[in-house]
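Take a look at the letters that make up each chain.
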Amino acid sequence: MRSLLILLVTLAIIFSGCVEERKRVVWDVDHEPVFPVSHYSKLISQFEAEVIEGGVEELENSKAYILSGVTRNFTDEEVEEISKFVENGGKLVILIHIPPANLKPLLERFGVEVSERPYEITEIIAVPTEESILTEGVNEIYMRGVFPVNGSLFVVKKDRTIVFGEAKGGVAKLTKFGKGEVLVFGDDAMFLNSYIGKADNLKLAKNIAKWIN
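Residues numbered from 1 in each chain as written. Predicted model: local features only at pLDDT ≥ 70, side-chain atom pairs only at ≥ 80, totals over all residues. Heavy atoms only, no water.

Enquirer: I would appreciate a short explanation of the pattern of salt bridges in the present structure.
Expert: Side chains that carry opposite charge are capable of pairing whenever their charged atoms lie near each other. In the structure shown here, the tally under the stated rule is five salt bridges. Here Glu80 ties to Arg109 by a salt bridge, and the two come within 2.8 Å at their closest N and O atoms. Of the two residues, Glu80 is situated in helix α3 (residues 76-87) and Arg109 in helix α4 (residues 104-109); the sequence distance between them amounts to 29 residues. Residue Glu80 is classed as partly exposed on the basis of its relative accessible area of 35%. The closest approach of N and O atoms between Lys157 and Glu140, which form a salt bridge, is 2.2 Å. With Lys157 in the loop between β7 (154-156) and β8 (163-164) and Glu140 in the loop between β5 (123-128) and β6 (141-144), the pair connects residues that are 17 residues apart, well separated along the chain. Judged by relative accessible area, which is 25%, Glu140 ranks as partly exposed. Among the charged side chains, a salt-bridge network with shared partners connects Lys91, Lys176 and Glu181. (Salt bridge = Lys/Arg side-chain N within 4 Å of Asp/Glu carboxyl O. Helix = DSSP H or I, 4+ residues; strand = E, 2+ residues; numbered from the N terminus. Buried < 20%, exposed > 50% of the residue type's maximum accessible area, 1.4 Å probe, protein only.)

Okay, here's the thing in structure tokens:
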């Protein structure tokens, strides 16, 4: 009886540890992001999951992978690993800071297009046009230095003259891939501590945390 009790306790500890590990979020630092992770502390504080700094090697047993303003290229092997991660149910968040040539192989894998040239307007207010857990309670978001995205999750509130892909004034896209999803924003500044308090950016951050969980 005592042996059985010890076995059950051991299994419970192992199981709880596995569950906890699967809740983590990986914030990529291996591909040289423009801003350090500390500049996004207000965004990170919204996550229930543990956020660790790392790269593709940390994706196993993780729920989400965040690429914010990354500047280094991805190898073919890394693109394959990320694709498998999403296909198996992972969430991938990509926030663009520079012309996304380094991200092109990864974006193409998920059917996402991002322009090499940003909108001429530096500061943009965007509005949601799709119903989603991400847009609940969000009326407007503030963005700065935005690259057009071929999606309509959020679009430029005014001056939608630029058509990129099938989206007119698109700045964000949410797309499914296998069992997982990919979320792309044409801006990474919107979630910086300096700007997350503008418009409904903080509400959007909370929605992203809920979407990941």
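Next, the rest of the story.
Enquirer: Would you take a moment to explain the environment of Lys23 for this structure?
Expert: Residue position: Lys23 is located in the loop between α1 (2-21) and β1 (24-28). Take Lys23: its relative accessible area is 47%, and that puts it in the partly exposed class. Remark: the alpha-carbon pair of Lys23 and Ala49, spanning 26 residues in sequence, is separated by 5.2 Å. Once residues lying within four places of it in the same chain are set aside, the contact partners of Lys23 are Ala49, Glu50, Asn61 and Lys63. (Contact = heavy atoms within 4.5 Å.)

Enquirer: I'm lost on the sheet that holds strand β11 (residues 180-185) in this one. Help?
Expert: Where strands meet in a sheet, backbone hydrogen bonds hold them as pairs that are either parallel or antiparallel. Judged by pairing direction, the sheet is mixed, and its nine strands sit side by side in the order β2-β1-β3-β4-β11-β10-β7-β5-β6 without closing on themselves. Strands with a single pairing partner mark the edges of an open sheet, and in this sheet they are β2 (51-54) and β6. The sheet shows a mean angle of 25° between the axes of neighbouring strands, direction not considered. Examined bridge by bridge, β1 and strand β3 (residues 62-68) share four bridges and lie parallel to one another. If you follow Val26 over to β3, its bridge partner there is Tyr65. (Pairing = 2+ DSSP bridges. Axes fitted to C-alpha atoms, helices over the stretch in contact; angles between N-to-C directions.)

Enquirer: So what exactly am I meant to see when it comes to the pairing of strand β10 (residues 170-177) here?
Expert: On any regular strand, side chains alternate: one points to one face of the sheet, the next to the other face. Pairing geometry for β7 and β10, over two bridges, is antiparallel. Counted as the bridge partner of Val155 is Gly170 from β10. With antiparallel pairing between neighbouring strands as the criterion, β10 and β11 make up a hairpin whose turn holds two residues, including Gly178 at a positive phi of roughly 60°.

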